[in-house]
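Commentary on secondary and tertiary structure
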Amino acid sequence: MAETLAQGKCSALVIGGSAGSLDVLLEIFPSLSININFPIILVTHRKAGNDSLLTELLKNRTSLMVKEAEEKEKLLPGYVYIAPADYHLLVEHNHTISLDYSEKVNYSRPSIDVTFQSAAEVFKNEVVCILLSGSNSDGVEGLKTVNKYGGLVLIQNPETASMAYMPQQAVNEVKPHLILDSFKMAGYINGLIHK
Amino acid sequence: MIIDAIDNEQVEMLLNDVLEAHGYDFLEYSHASIKRRITRLYSLDSFVSFAEFRYAVKTDKQYFKRFLEEITVNVTEMFRDPTFYKSLRNDVLPVLGTYPFIRIWVAGCSTGEEAYSLAILLRELNLLNKSLIYATDINPSVLEKAKKGMFPLNYLKGYSENYVQSGGLKDFSSYYTANYSLVKFDESLSSKMIFSTHNLVSDHSFNEFQLILCRNVLIYFDKDLQHKVFHLFDNSLEKLGYLALGSKESLDFWANAKDYKRIKNEKIWRKL
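As the structure is a prediction and not an experimental result, all values here were calculated from the model.

Examining the overall build of chain A
- Across its full length, chain A carries 6 helices and 9 strands.
- The globule rule puts the C-alpha radius of gyration for 195 residues at 16 Å, and the 15 Å found for chain A is close to it.
- Each of the three principal axes of chain A carries a C-alpha extent, and together these read 40 × 35 × 30 Å.
- Here chain A holds 195 residues, and the buried ones make up 52% of them.
- For chain A, restricting intrachain contacts to residue pairs at least 6 apart in sequence, the fraction spanning at least 24 positions comes to 71%.

Quick word on the domain arrangement of chain B
Residue and element names in this part refer to chain B.
- Parsing chain B into structural domains produces domain 1 (8-71) and domain 2 (82-271).
- Its C-alpha centre places domain 1 at a distance of 29 Å from the equivalent point of domain 2.
- In this assembly, 9 residues from domain 1 lie in contact with 11 residues from domain 2.
- Element by element, the count of residues in the side of domain 1 that touches domain 2 is highest for helix 4 (residues 61-71), at 3 residues.
- For the side of domain 1 that touches domain 2, the residue count by class is 3 nonpolar, 2 polar and 4 charged.

Remarks on the pairing of strand 4 (residues 79-82) of chain A
All names here are of chain A.
- Inspection of the sheet shows strand 2 (residues 40-44) paired to strand 4 by 3 bridges, in the parallel sense. Looking at strand 4, one finds that Ile 40 is bridged to Val 80.
- Pairing analysis gives 4 bridges linking strand 3 (residues 65-68) to strand 4, with the strands arranged parallel. Looking across to strand 4, one finds that Lys 67 is bridged to Tyr 81.

Digging into the sheet that holds strand 1 (residues 102-107) of chain B
Residues and elements named next belong to chain B.
- Spatial ordering of the open sheet is given by 6-2-1-7-8-10-9, a layout of 7 strands whose pairing is mixed. What marks the edges here is a single partner per strand, and that holds for strand 6 (193-197) and strand 9 (260-262). Adjacent strand axes in the sheet meet at a mean angle of 20 degrees when their direction is disregarded.
- Its contacts with the sheet put helix 6 (residues 113-124) on strand 1, strand 2 (131-137), strand 6 and strand 7 (209-214), and the angle it makes with strand 2 is roughly 170 degrees.

So, the interface of chain B and chain A
- Of the residues lining the interface, 14 residues belong to chain B; the matching set on chain A comes to 19 residues.
- No other element matches helix 2 (residues 31-44) of chain B, which puts 4 residues into the side of chain B that touches chain A.
- In the side of chain B that touches chain A, the residues fall into 5 nonpolar, 4 polar and 5 charged.

As for the nonpolar core
- Judged by nonpolar contacts, the single largest core of 136 residues is most densely connected at Ala 119 and Cys 129 of chain A.
- For this core, the domains that each give at least three residues are domain 1 (8-71) and domain 2 (82-271) of chain B.
- Setting aside anything within four residues of it in sequence, one finds Cys 129 of chain A in contact with Val 14, Phe 116, Ala 119, Gly 142, Leu 143, Val 146, Gly 151, Val 153 and Leu 154 of chain A.

Considerations on unusual backbone geometry
Residue and element names in this part refer to chain A.
- Omega for the peptide link from Arg 109 to Pro 110 comes to 5 degrees, which places this bond in the cis form.
- A positive phi is found at Tyr 107, a non-glycine position, where the angle reads about 60 degrees.
- Relative to the assigned elements, Tyr 107 resides in the loop between strand 6 (97-100) and helix 3 (112-123).

What to know about the environment of Ser 110 of chain B
Residues and elements named next belong to chain B.
- Relative to the helices and strands, Ser 110 resides in the loop between strand 1 and helix 6.
- Each C-alpha atom of the pair Ser 110 and Gly 149 lies 12 Å from the other, and the pair is 39 residues apart in sequence.
- In this structure, Ser 110 is in contact with Asn 74, Thr 76, Asp 137 and Val 142, ignoring residues within four places of it in sequence.

Thresholds, definitions, all that
Counting from 1, residues in each chain are numbered in the order their sequence is written. Chains carry letters and ligands carry numbers; both start at the beginning, A for chains and 1 for ligands, and go up in the order they are written. Selection of residues for local features in this predicted model requires a pLDDT of at least 70, selection of side-chain atom pairs for listing and counting requires 80 or more, and totals for whole chains, interfaces and linings are taken over all residues. A run of DSSP states H or I qualifies as a helix once it reaches four residues; a run of E qualifies as a strand once it reaches two. Both are numbered from the N-terminal end. For a compact globule the rule gives 2.2 Å times the number of residues to the power 0.38, and the radius of gyration it is set against comes from C-alpha atoms. Remark: C-beta atoms are placed from the backbone, and a residue is labelled buried if 20 or more other C-beta atoms sit within 10 Å of its own, exposed if 12 or fewer do, or partly exposed between those counts. Throughout, a pair of residues is in contact if the C-beta atoms placed from their backbones lie within 7 Å. Domain borders in the structure are assigned automatically or taken from a domain database. Residue polarity is assigned by list, with Asp, Glu, Lys and Arg as charged and Ala, Val, Leu, Ile, Met, Phe, Trp, Tyr, Cys and Pro as nonpolar; anything else, Gly included, falls into the polar class. Pairing between strands is defined by DSSP: at least two bridges between them are needed. To get an axis, a line is fitted to the C-alpha atoms, and for a helix only the part in contact is used. The angle between two axes follows their N-to-C directions and goes from 0 to 180 degrees. Here, a nonpolar core denotes buried Ala, Val, Leu, Ile, Met, Phe, Trp, Tyr and Cys residues that are linked to one another through C-beta atoms within 7 Å.

This is the structure:
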């Protein structure tokens, strides 16, 4: 199976993670290239309230612009947008962000499924979605949609993930293009930079 | 849920039908959100074709009632964002307390949790007897629930924690009586509320207020519609009145934002 996008162009990267994914993010971020020329959206499950913490942690580990996603904000290349705790993040056709306080999905808000599906619909075969460690099955349905629209599906290797359940569910139910150990991810993401 | 069961053109068609047949205008709602709501309802109610769904929405009054209830988001809670309520308690309501009479508009009140939270604050500051809370929503069925002031018992633990974090000092359970799986809030709280339907998209200003609360409603509107609603609020707010928005909403990019001053770290603005 192809390990790169059919069109060769990545217009957006979406990363979803739950329990055990923070360590992976902290490992990936210092190695991300400053030349990344697509927006990165991050959806992680966490408790509402201490919202700026994750943003601050990641900000200190990369030269890319890291910010909490704001509603109606336009996605820009080289920016990392973090879905705020307690809101679903959707992407509009004009590449702006919509936030949504509707019912939880898979007991989660933000839900990874919601953002994967929305990004797949908008960016079709120009989106790359990565599912990391976690202990529920959020993200699986979303990855199916990404596949359907021709986007690229990457899953963290469940054998080396600190919580195997979420990536394992995805590996079982979705045909991923790649299963990656965390230390290979930054290199892969940097390889998505288009000319 | 099959996300692409309905395509963008069909969403447009359906929303045009809704406007023509029922007079509700959803065309300026954020597209991704409203599409997701529509797709969700379509699969929830197991329609076999879009044509059948469209026909039901257009012609079946009973089904349209459900449609309206389900495509608008009615998720809410009491004392949501405790620091926000703390700021209402410490910064806003004491100022309004100097007025002889307090008029508050909770726009998009859903099932009423925020209106009841506000009434509790007013009660604790001894202001409830000179206050009136106008609680409005586009959706008549949620207003029926709001009027009753009954909420599921299993949510109350979270509400009570929010209340304490927001600076509440009383025993939260003194405000309600539990009955099986529901609690009913004291009727003296709702005696100061007026419930009415109001559509922020198409209805006009109906009074002047000293405080307008509209939280997590504007996130579902596109930018143009948000700005129209800000004008509506501006026309409905007294000078030196307060406008309170949801934690991810902002007045910042609105043309008249300079006439408003924001309070500290909260999404509360004062009209200058």
